[in-house]
Amino acid sequence: MPSDNTTAQTADQTLGQLAYDRIRADILKGQFRPGSPLRLQALKERYGFSFSPLREALNRLQSEQLVVSYAARGFRVTEISTTEMWDAIETRILIDCEAFRRSIRRGDDDWEGRVMGSFHKLSVCFERNLKLGREATEDETTQLEDRHRAFHGALISASGSNWMQVFSTQLYNQTQRYRWPYFTTEGGNVFLKQSYLAEHSQIAAHAVARREDEAVAMMAKGFRRTGEIIESLLKGQDEVARGT
């Protein structure tokens, strides 16, 4: 039988994972603004976890660059900037495009099924949200984001490289921080309507047809176009803030 110490350690690890999942989700969804403090007492009151799992979660998030730590001020949400966004996008292109190319070369029938199946789920959700006639709720946006993540995960799932998939996930999270607000705000509706459903369809079609150059080029183009839209929206916010 496991000892009391082992049981307690397992429980702490489980709580640490839960704390990590919830704080990470709220950071990615913009519930915590960039640069805002993440005080342990406030997090304890918000989530109901003790300090130990919260510290574990914050340290993990720091390793993923979603959180920064200052000796005198504790933890804060990492700031955002267009420079940082483009760094994440261009690095994601390096990782995801190579992983995608390898998947096209290595993927079998099961991989093709994952690609087309995940695209179908994404397209159904996307088209449903476009017909809402209102801003999407958080649950509706979360479902769309989850299916978008699943589609991109399927594209590179036959790369044969665990490290590429790990780095891809971290870079996806970084770019999600910039993308999420524009799914739910007025600017987000513009982004949603221009969010390349046809382009995603073509990426999937090129992939299963083993047209790797076309597929990879379209993936890179989509990443950069998203960055351009978000950059224009960020500049618009800056102009409003300056009163220009």
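Computed from a predicted structure; not experimentally measured.

Engineer: Before we move on, could you go through unusual backbone geometry and cite the residues and values that matter?
Structural biologist: Even without a glycine there, the phi angle at glutamine 65 is positive, about 65 degrees. By the secondary structure assignment, glutamine 65 is in the loop between helix 3 (51–63) and strand 1 (67–70). Residues other than glycine seldom take positive phi values, yet arginine 210 does so here, at roughly 65 degrees. Along the chain, the position of arginine 210 falls in the loop between helix 10 (197–208) and helix 11 (212–242).

Engineer: How would you sum up helix 10? Please name residues and give values.
Structural biologist: Here helix 10 contains 12 residues, and its C-alpha end-to-end distance of 17 Å stays within 8% of the 16 Å for a straight helix at 1.5 Å per residue. For helix 10, the complete set of buried residues consists of Leu197, Glu199, His200, Ile203, Ala204, His206 and Ala207. Arginine 210, located one to two residues past helix 10, shows a positive phi value of around 65 degrees.

Engineer: Could you give an account of the side chain of arginine 177, with specific residues and numbers?
Structural biologist: Take arginine 177: it is sitting in helix 7 (residues 162–179). The buried charged residue arginine 177 lacks any salt bridge, with glutamate 84 as its nearest oppositely charged partner at 6.8 Å. Looking at arginine 177, its side chain comes within polar contact range of the main-chain oxygen of threonine 78, at 2.5 Å. For arginine 177, the residues in contact, after removing those within four places along its chain, are Ile27, Leu28, Pro34, Leu66, Val77, Thr78, Glu79 and Ile80.

Conventions used here
Residues numbered from 1 in each chain as written. Predicted model: local features only at pLDDT ≥ 70, side-chain atom pairs only at ≥ 80, totals over all residues. Heavy atoms only, no water. Helix = DSSP H or I, 4+ residues; strand = E, 2+ residues; numbered from the N terminus. Expected span 1.5 Å × (residues − 1). Buried < 20%, exposed > 50% of the residue type's maximum accessible area, 1.4 Å probe, protein only. Lys, Arg positive; Asp, Glu negative; His and termini not counted. Salt bridge = Lys/Arg side-chain N within 4 Å of Asp/Glu carboxyl O. Polar contact = N/O pair within 3.5 Å; in protein donor to acceptor, adjacent residues only side chain to side chain. Contact = heavy atoms within 4.5 Å.

The quantities given are spatial measurements derived from coordinates; they are silent on function.
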